[in-house]
Amino acid sequence: MSDAELVLRSTRVITPEGTRAASVAVSGGAITAVLPYDAPVPGGARLEDLGDHVLLPGLVDTHVHVNDPGRTEWEGFWTATRAAAAGGITTLVDMPLNSLPPTTTVAHLRTKQQVAADKAHIDVGFWGGALPDNLKDLRPLHEAGVFGFKAFLSPSGVDEFPHLERDPLARTMAEIASFGGLLIVHAEDPRLLASAPQQPGPRYADFLASRPRDAEDSAIAQLIREAKALDARVHVLHLSSSDALPMIAEARADGVRITVETCPHYLTLTAEEVPDGASEFKCCPPIREAANQDLLWQALADGTIDCVVTDHSPSTADLKTDDFATAWGGISGLQLSLAAVWTEARRRGHGLEDVVRWMSARTAALVGLDDRKGAIAAGHDADFAVLAPDETFTVDPASLQHRNRVTAYAGKTLYGVVKSTWLRGQRIVADGEFTEPKGRLLTRTH
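Computed from a predicted structure; not experimentally measured.

Take F281: it is sitting in the loop between α9 (264-268) and α10 (290-302). The spacing of F281 and G58 is 223 residues in sequence and 27 Å in space, taken between C-alpha atoms. Not counting the four nearest positions on each side in its chain, F281 is found in contact with L269, V274, P275, I287, I331 and A408.

Moving on to helix α3 (residues 135-143). Among the residues making up α3, those that are buried are D137, L138, L141 and H142. Around the axis of α3, the buried residues are gathered within 135° of arc, so they sit on the same side. Exposed side chains of α3 directed beyond 90 degrees from the buried face belong to K136 and E143. Immediately downstream of α3, the backbone of G145 shows phi near 105°, a positive value.

A word on the packing of aromatic side chains. Inspection of every chain in the model, using the stated rule, returns eight aromatic pairs. Their ring planes at 70° and their centres at 5.3 Å tell us that Y204 and F324 sit as a pair that is edge-to-face. Taken together, the positions of Y204 in helix α6 (residues 204-210) and F324 in the loop between β14 (307-308) and α11 (337-347) put the pair 120 residues apart, joining distant regions of the chain. Pair check on accessibility: Y204 and F324 agree, each one buried. Among the aromatic residues, those joined into a cluster by ring pairs are Y204, F207 and F324. The ring of W74 has R71 lying over it, and the distance from NZ or CZ to the ring centre is 5.3 Å.

Formed by 98 residues in total, the largest nonpolar core has its most connected members in F149, L183 and L239. Among the elements that line this core, the one with the most residues is α11, at six residues. If sequence neighbours within four positions are ignored, L183 has contacts with F149, A151, L169, T172, M173, I176, R233, V234 and H235. If you look at the next biggest cluster of nonpolar residues, it comprises 20 residues, including M95, L131, V367 and L442.

Here the focus is the environment of A194. Mapped onto the elements of the fold, A194 is located in helix α5 (residues 190-195). For the pair formed by A194 and Q426, sequence separation is 232 residues and the distance between their alpha carbons is 50 Å.

The next subject is unusual backbone geometry. Cis geometry is adopted by the peptide bond preceding P69, which originates at D68 and carries an omega value of 0°. Residue position: P69 is located in the loop between β6 (59-64) and α1 (77-86). A cis amide bond, omega -5°, links C284 with the succeeding residue P285.

Moving on, we get to the side chain of T172. By the element assignment, T172 lies in helix α4 (residues 166-178). Of the residues examined, T172 reaches a relative accessible area of 3% and is grouped as buried. When near neighbours in sequence (up to four residues on either side) are disregarded, T172 contacts A130, L135, L138, L164 and L183.

Each α-helix turn comprises 3.6 residues. Residues three or four places apart therefore point the same way. With nine of eleven residues buried, α11 is to be regarded as a mostly interior element. Positive backbone phi, at 90°, marks G349, one or two positions downstream of α11.

Moving on, we get to the layout of surface pockets. Taken as a whole, the largest pocket spans an internal volume of roughly 630 Å³. Every residue lining the largest pocket is counted, 32 residues in all, and those nearest its centre are P155, S156, R211, K282 and C284. Elements with a contribution of two residues or more to the lining of the largest pocket: β10 (149-152), α5 and α6. In the lining of the largest pocket, the residues fall into 13 nonpolar, 14 polar and five charged. Reported here for the second largest pocket is a volume of approximately 420 Å³.

Another point: the pairing of strand β11 (residues 182-186). In terms of burial, β11 is a largely internal element, five of the five residues being buried. Of the two faces of β11, the one carrying L182, I184 and H186 and the one carrying L183 and V185 are both buried. As defined by bridge partners, β10 adjoins β11 across four bridges and the pair is classed as parallel. For K150, the partnering residue across the bridge sits in β11 and is I184. With α4 bridging β10 and the parallel β11, this β-α-β connection has right-handed handedness.

Criteria and cut-off values
- Residues numbered from 1 in each chain as written.
- Predicted model: local features only at pLDDT ≥ 70, side-chain atom pairs only at ≥ 80, totals over all residues.
- Heavy atoms only, no water.
- Helix = DSSP H or I, 4+ residues; strand = E, 2+ residues; numbered from the N terminus.
- Contact = heavy atoms within 4.5 Å.
- Buried < 20%, exposed > 50% of the residue type's maximum accessible area, 1.4 Å probe, protein only.
- Arc of directions from axis to C-beta.
- Phe/Tyr/Trp six-rings, centres within 6.5 Å; stacked < 30°, edge-to-face > 60°.
- Lys NZ or Arg CZ within 6 Å of the ring centre and 35° of its normal.
- Core = buried A, V, L, I, M, F, W, Y, C linked by side-chain atoms within 4.5 Å.
- 1 Å grid on protein atoms, 1.4 Å probe; cavity = no way out; pocket = protein on both sides within 12 Å on 5 of 7 lines; lining within 4 Å.
- Points joined across faces, edges and corners; volume = space filled by probe spheres on them.
- Nonpolar A, V, L, I, M, F, W, Y, C, P; charged D, E, K, R; others polar.
- Pairing = 2+ DSSP bridges.
- Right-handed = clockwise from strand over helix to strand, strands pointing away.

Below you can see the structure in the form of structure tokens.
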């Protein structure tokens, strides 16, 4: 600790070994030691005494649609990373679609990196995209440092990112497996979606019927079959159907290399509470019933679901019409994800250590950043969120950093106020005041 530049002290520090009173020494942007609470502070080091506020590792959100460049009226790196920082997130991985161009070639990746470079308030990495016609681009993108490849098994909602049918999926998975990459999948069966009742209008019940659970279940079963045959590594995005959980658990027991995420909106919002015409609640797959939600929480507790990410997918307010059939499908939740999940987790008897595991440690591991992100441990980046877990706030959309302040959480009272967020030992936001952007662009290193 003799070379420490900064010491953060708290009675509650969440470490991989548990929560304890500790002093965290920082030098050169990295954690150098986690020491007893009353360890002496070396001369020249600055002490930040956080009292009883909880010091936790900055969250790692591996599912964010920043939409920059091309649809920056929907979001952008400046606003998205400010919102993330305000919510205790210090690393995000940007999805390859809804930006123009999509991240489907190395040239497109370079374009996106150039746009992000001077706007990122937190660290930012990138997913590549897998399309029917870009098989030749996958290995070069992998070598350029994307963290994996996103594919849709049903229409994506934007014309420039078509979905993969069965044969292209198999070819894509085989190619990605050949270089040890990761395929992440929006899993809904387009045939079952097409055969579901389609009733336009404002009734949420009609929209829910149009995206049935069996569409998710069928697509996940297909994904498991292909992954097993190819010994490929696959990840199921934004799981909402609890009916798929038994087959996922069975596949994992059989040695299939499959991981699964869900999202705050599936864990905290229910179909029963969605007002008709309130398309700020629309996403695909949809928010389902309370009984379904209970089973998602059970799967988080037993490890069948690995992690929780936002799937932040904003749009301009005019696209959130009162017709669920035509409104843009996406939930804006980047700034509120920690508070939303913590509010429901504590109600269900979970602790902050669980939330950190789901939203920081396991997300960092998913993208191979767990040697530097997702934990308060020596050698890791000094990325922190300082949280007052018992304080509450009521969500006022006008106070959000998102470019478009449309949120399904409006008016909800949530537990967990982020007091400050730190990136590599520098405080980047405190009490609503931000520094200039200090984020770095991340690439896959192994």
